[in-house]
Number of protein chains: 2
Amino acid sequence: MFSSRTKEISPFVVMQLLQRAQEYERSGKTVVHLEVGEPDFQTAEPIVKAAHAAIDAGRTKYTSASGISDLRQRISAYYQSMGVAVSPNRIMVTSGASGGLTLLAGLLLDPSDRLLITDPGYPCNEVFARLVGAIPKPIAVSAEHRFQPTLASFQAAWCEQTRGALLASPSNPTGTMLSAQDLGDMAAFAQSRQGFLILDEIYQGLHHNEPEYVSGLAVTDDIYVLNSFSKFFGMTGWRLGWVVVPEHAIEPITSLAQNLFISPSAPAQYAALAAFDDDAMTVHKARQQAFVSRARLLSRGLEALGFKIPVAPDGAFYLYVDICRTGMNSTDFCWRLIDEYQVAVTPGADFGTHQAGSHVRFAYTTDEQSIALGLERIGKALQAWGAGQ
Amino acid sequence: MFSSRTKEISPFVVMQLLQRAQEYERSGKTVVHLEVGEPDFQTAEPIVKAAHAAIDAGRTKYTSASGISDLRQRISAYYQSMGVAVSPNRIMVTSGASGGLTLLAGLLLDPSDRLLITDPGYPCNEVFARLVGAIPKPIAVSAEHRFQPTLASFQAAWCEQTRGALLASPSNPTGTMLSAQDLGDMAAFAQSRQGFLILDEIYQGLHHNEPEYVSGLAVTDDIYVLNSFSKFFGMTGWRLGWVVVPEHAIEPITSLAQNLFISPSAPAQYAALAAFDDDAMTVHKARQQAFVSRARLLSRGLEALGFKIPVAPDGAFYLYVDICRTGMNSTDFCWRLIDEYQVAVTPGADFGTHQAGSHVRFAYTTDEQSIALGLERIGKALQAWGAGQ
């Protein structure tokens, strides 16, 4: 009755956990939210002001499918400020990074083509491949290689039906970046196979130390880059992102965007014009620092409780934590934690299957006080459960 | 290098015409715009106010993938007010009707499946089918049957690979509605073949006379209905729409929406809550009346110039006009009209191939003064060209 792809989509455990969390909240209990992939900060005031002004000026009509010219120029200038030359023509403003993924899948994949992705990785990636009839092929990535593919594993996974790969740097759920060397090598390998490489950079800007590269575009120009106003720029619910494509892809992706989206949200685009202004950037950078500080608090706390954080993340706002010390399966761990201690975290199962049973993603998208409360409760849980060690 | 679907997408002639129009405007000439499928009215003030309030209240985060519960209830109440019972659970708020089409294509079509559409029809329909690897199969529709399929042509077009059909009522570019009888019969036929029927109702509310039915859902409950806040509710650039699905489709379409969209725009959703309030509805209904009056002005004017409007539209804001009297091909006609007289209209070629060379779509999305100016210029053009009769 429904398409066969609908059978391939597994519901997110975290959605059920979230529902349970809301039930506890309705019953008056305090839940510590360490599961949400959304910054707790409000959209910065300069962006909000720009939105009000745009709406009052009636800027609520369809725009060009590629996005308004001013915004594409601002994004180009943003790259320029980081030392990367990207012409505005190569920038397509999209309805969130989600819209960008739909466009790139539609542009690059035919039915039965294979798309390489990572396991663990962003769980929706495979659904974009399946939307266009393609088949996602996960590369298992592990702590020993910072949860990123090696050139060898990348080459080994690439088969005759492979059309390209979708990698993330920093990645979700692990927060690790691809090394510049590996990124360059993989892009070159993909090209040698007439394939493509998409690099998801939606956590760009949210790094813990000076990153090895500010964008994959500084390493190689021959990739598709996905970005978003959601995370660093704090605009999740506005649904706005962008993709950078090679010159020769501009025409076909523009046609696709005209047909599939008409245009991205106009108020969101005019609001986002202010996202690069100095006053907004000051806010974004202060938040990035807050994430760094939270990461430290949360990782020290979890390590003090005996958890292993196999790889310190380079960025984003996640810790991918090995919970072996509990002797529990990660999904059971998450359910008991929400039910008995009202702490919400996301089991590895939501990000793939490779070592999923022994890993949990902690998102530090809540303030330090809540993180401290979460740690306290987890400590109590471990004690009560007599878990491990 | 790119997917094979990219080769199947023909660029819109109207986009090139629009570009030409903008060049004339930059050079100081006045262009009469009768090509745009977007109301010229601004978003109604009560909706704008609600947007401001929502943004100030920080309602700019991800929402549920199905849309906020309040909005789904309002939409349900809207149907109720028209005498149609639709549970809020069956309503998915989407990123424009475009987002709804992506979801329905992903839900219902596998690669190589056939989807029936009409020719002429909304040009993007076939691209949504191709996005998921399916194959659009146009049914040629003509003036003699009000530019809608008959049950016989519908049945004849349905082959073994056909999974369903996508029809529109009122339709673009012709503005005609399916009769209740035909709609019910086609839905029953699709069901007898284990197929689906999607009814595009994005022009609902913009009718010229009392419509035979307020929504296809009043005729049969066993269809998928597509709707939008863009046209009647005047919210184009906000990118918000909805779909109504049968009970058993709620779970799979929700999973798809979570993966492919995360959520529709939050500010747009909170703004749209006000779209059904009495003060906003008064504005919408006044605009609907303005469209009725413009339709009369434009159709009388064109008929006075000797054009044939083979079918008076039931709604929307388009006239699909037979230009045989000019002896010209419709695409040539459109180019000469913009180049020599700065009137922009859309050739039939943008809506399909069936009788496309003899038809032009006139959109009355501009005020009566501009329509009168357009008519005057077209009259001069016909005289100068010595066109026909």
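No experiment lies behind these values; they were computed from the predicted model shown.

Caption draft 1: Up close: the confidence of the model for chain A. On average, residues of chain A carry a pLDDT of 97, and 99% of them reach 70 or more. In the predicted complex, the global pTM is 0.98; the interface-specific ipTM is 0.97.

Caption draft 2: Looking closely at the interface of chain B and chain A. If you look at the interface, chain B gives 55 residues, while chain A gives 55 residues. Contributing elements (two or more residues each) for the side of chain B that touches chain A: helix H1 (4-8), helix H3 (45-56), helix H5 (96-108), helix H6 (125-131), helix H9 (250-261) and helix H10 (266-272) of chain B. The element contributing the most residues to the side of chain B that touches chain A is H9 of chain B, with seven residues.

Caption draft 3: Fine view of unusual backbone geometry. The residue after serine 169 of chain A, namely proline 170 of chain A, is reached through a cis peptide bond having omega -5°. Positive phi is not limited to glycine here, since phenylalanine 147 of chain A has a value of about 55°. Following the sequence through the fold, phenylalanine 147 of chain A ends up in the loop between strand S4 (135-140) and helix H7 (151-157). One non-glycine residue, serine 112 of chain B, lies in positive phi territory at about 75°.

Caption draft 4: Local environment of the domain arrangement of chain A. Residues and elements named next belong to chain A. When the domains of chain A are assigned, the result is domain 1 (5-42 + 280-384) and domain 2 (61-276). For domain 1 and domain 2, the distance between their C-alpha centres works out to 25 Å. Listed per partner, the contact involves 34 residues of domain 1 and 34 residues of domain 2. Contributing elements (two or more residues each) for the side of domain 1 that touches domain 2: helix H1 (5-8), helix H11 (278-304) and strand S9 (318-322).

Caption draft 5: Seen up close, helix H4 (residues 69-81) of chain B. Residues and elements named next belong to chain B. Taking 1.5 Å as the rise per residue, H4 with 13 residues should run 18 Å; its terminal C-alpha atoms sit 18 Å apart, in good agreement. Within H4 the residues assigned to the buried category are Leu71, Arg72, Ile75 and Tyr79. An end-on view of H4 places all buried positions within 105° of arc, on one side of the element. Among the exposed residues of H4, those pointing more than 90 degrees away from its buried face are Gln80 and Ser81. Contacts made by the buried residues of H4 are with strand S2 (91-94), strand S8 (241-244) and H10.

Caption draft 6: A look at the pairing of strand S2 (residues 91-94) of chain A. All names here are of chain A. Here S2 shows two buried faces, one formed by Ile91 and Val93 and the other by Met92 and Thr94. Direction of pairing for S2 relative to strand S8 (residues 241-244): antiparallel, over a ladder of four bridges. Residue pairing in the sheet places methionine 92 in a bridge with valine 243 of S8.

Caption draft 7: Structural view of the sheet that holds strand S7 (residues 224-228) of chain B. Residues and elements named next belong to chain B. With mixed pairing, seven strands are arranged side by side in an open sheet as S2-S8-S7-S6-S5-S3-S4. The open sheet has two edge strands with one neighbour each: S2 and strand S4 (135-140). Taking each pair of neighbouring strands and ignoring which way they run, the sheet shows an average axis angle of 25°. With five bridges connecting them, strand S5 (residues 162-168) and strand S6 (residues 196-200) associate as parallel partners. Paired with alanine 168 across the two strands is aspartate 200, which belongs to S6. Strands in contact with helix H8 (residues 180-192) are S5 and S6; relative to S6, the strand with the most contacts, it is inclined by about 145°.

Caption draft 8: Inspection of the relation of the copies chain B and chain A at higher detail. Relative to chain A, chain B is turned by 180° and slid 0.0 Å along the rotation axis, the superposed coordinates differing by an RMSD of 0.0 Å. Seen this way, the second copy is the image of the first under a two-fold rotation axis. The position closest to the rotation axis in chain B is occupied by the C-alpha of valine 132 of chain B, lying 2.1 Å away. When the interface residues of chain B are mapped onto chain A, 100% of them are again interface residues, pointing to one common binding face.

Rules behind the numbers
Residues numbered from 1 in each chain as written. Chains lettered and ligands numbered in written order. Predicted model: local features only at pLDDT ≥ 70, side-chain atom pairs only at ≥ 80, totals over all residues. pLDDT = per-residue confidence, 0-100. Contact = placed C-beta atoms within 7 Å. Helix = DSSP H or I, 4+ residues; strand = E, 2+ residues; numbered from the N terminus. Domains from an automatic or database assignment. Expected span 1.5 Å × (residues − 1). Buried ≥ 20, exposed ≤ 12 C-beta atoms within 10 Å, placed from the backbone. Arc of directions from axis to C-beta. Pairing = 2+ DSSP bridges. Axes fitted to C-alpha atoms, helices over the stretch in contact; angles between N-to-C directions. Least-squares fit on C-alpha atoms with pLDDT ≥ 70 in both.

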